[in-house]
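A look at the structure
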Amino acid sequence: GAVVSQHPSWVICKSGTSVKIECRSLDFQATTMFWYRQFPKQSLMLMATSNEGSKATYEQGVEKDKFLINHASLTLSTLTVTSAHPEDSSFYICSAREPMGGAQETQYFGPGTRLLVL
Amino acid sequence: QQPVQSPQAVILREGEDAVINCSSSKALYSVHWYRQKHGEAPVFLMILLKGGEQKGHEKISASFNEKKQQSSLYLTASQLSYSGTYFCGTRKSGSRLTFGEGTQLTVNP
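Predicted model, so just to flag it, every value in this text is computed and none were measured. (Residues numbered from 1 in each chain as written. Chains lettered and ligands numbered in written order. Predicted model: local features only at pLDDT ≥ 70, side-chain atom pairs only at ≥ 80, totals over all residues. Heavy atoms only, no water.)

Comments concerning the layout of surface pockets
Approximately 650 Å³ is the volume attributed to the largest pocket. If you go around the largest pocket, you meet 25 residues; those closest to its centre are P40(A), K41(A), Q42(A), H38(B) and T85(B). Listing elements by their share of the lining of the largest pocket, those giving two or more residues are β9 (90-97) of chain A together with β9 (84-91) and β11 (103-108) of chain B. For the lining of the largest pocket, a count of residues per class yields 6 nonpolar, 14 polar and 5 charged. Taken as a whole, the second largest pocket encloses approximately 290 Å³ of empty space. Among the secondary structure elements, those contributing two or more residues to the lining of the second largest pocket are β4 (32-38) and β5 (45-51) of chain A together with β10 (98-99) of chain B. Taken together, the residues that form the lining of the second largest pocket break down as 8 nonpolar, 6 polar and 4 charged. (1 Å grid on protein atoms, 1.4 Å probe; cavity = no way out; pocket = protein on both sides within 12 Å on 5 of 7 lines; lining within 4 Å. Points joined across faces, edges and corners; volume = space filled by probe spheres on them. Helix = DSSP H or I, 4+ residues; strand = E, 2+ residues; numbered from the N terminus. Nonpolar A, V, L, I, M, F, W, Y, C, P; charged D, E, K, R; others polar.)

The following block contains the structure:
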């Protein structure tokens, strides 16, 4: 299967700081990447869809000024959590869609980033 | 709309079988199954396309009944390594994946 990397794998920061998370597709070009947030024992909550060369599409209730997404190339998308607060602490996972075309397309997940805001 | 998974949790002894179901109220284009181990990201297992197909890999297989808008994941002779949370993701034509709440599977020795 396709490989997606994510960095950092975990980060601890002080309240009010900004944190940048990188997501890379290593062996394929991903025009579309997705950012999820997951709380313990819960499902994957889609935050936004990141499209290469255009603005991200945010899900209802997700603040776009709080969670900045940039998809600058076909292999890299970044999520920046601005002015992080303790309630932003969570497991953030990116996913990239492998462009096989049509029904065969699926998504591969990065290893996730655990964010703890103190 | 989020697919519905059942059961929410299942506990097995090593060697036992399990079935996890995933159903949707909307017509589906494809169903994608993932397994997530504690503290890790989901790992892709398989994709099923409309047409009533079945797939399998070793002792894990799945079926997709598009008329019933339902997919089932079959785990045969379960191993300890099968423990984790299983998510189904459903996709309508041209849209993104929507994930169910997950089924927590525990395999004990």
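Comments concerning the pairing of strand β2 (residues 9-13) of chain B
Residue and element names in this part refer to chain B. Only one face of β2 is covered, namely the one carrying V10 and L12; the face carrying A9, I11 and R13 has none of its residues buried. As paired elements, β2 and β11 share 5 bridges and run parallel to each other. The residue bridging V10 from the neighbouring strand is L105, located in β11. (Buried < 20%, exposed > 50% of the residue type's maximum accessible area, 1.4 Å probe, protein only. Pairing = 2+ DSSP bridges.)

Let's talk about the pattern of salt bridges
All names here are of chain A. Summed over the entire model, instances satisfying the criterion amount to 2 salt bridges over all chains. R24 is paired through a salt bridge with E22; the nearest N and O atoms lie 3.5 Å apart. For K66, the salt bridge goes to D88, with nearest N and O atoms at 2.6 Å. Separated by 22 residues along the polypeptide, K66 in the loop between β6 (57-58) and β7 (67-73) and D88 in the loop between β8 (76-81) and β9 bring together distant segments of the chain. In this pair, the class of K66 matches that of D88, namely buried. (Salt bridge = Lys/Arg side-chain N within 4 Å of Asp/Glu carboxyl O.)

Quick word on the state of the cysteines
Overall, the coordinates contain 2 disulfides over all chains when judged by the stated rule. In this model C23(A) forms its disulfide with C94(A); the gap between the sulfur atoms is 2.0 Å. Taking the torsion about the S-S bond as the criterion, the C23(A) to C94(A) disulfide, at about 75 degrees, is right-handed. Residue C23(A) is located in strand β3 (residues 19-25), and its partner C94(A) is located in strand β9; the two are separated by 71 residues in the primary sequence. Residue C94(A) is classed as buried on the basis of its relative accessible area of 0%. Linked covalently through their sulfurs, C22(B) and C88(B) form a disulfide whose S-S length is 2.0 Å. With the S-S bond torsion at 70 degrees, the cross-link from C22(B) to C88(B) turns out right-handed. Taken as a pair, C22(B) in strand β3 (residues 18-23) and C88(B) in strand β9 lie far apart in primary sequence, 66 residues in all. One exposure class covers both C22(B) and C88(B), and it is buried. (Disulfide = S-S within 2.5 Å.)

With respect to the pairing of β5(A)
Residues and elements named next belong to chain A. Where burial is concerned, most of β5 is hidden: 5 out of the 7 residues are buried. Bridging between β4 and β5 involves 6 bridges; their strand directions are antiparallel. By the bridge assignment, F34 is partnered in β5 with T49. Two elements, β5 and β6, share 2 bridges in a ladder whose sense is antiparallel. Each bridged residue has a counterpart across the sheet, and for T49 the counterpart in β6 is T57.

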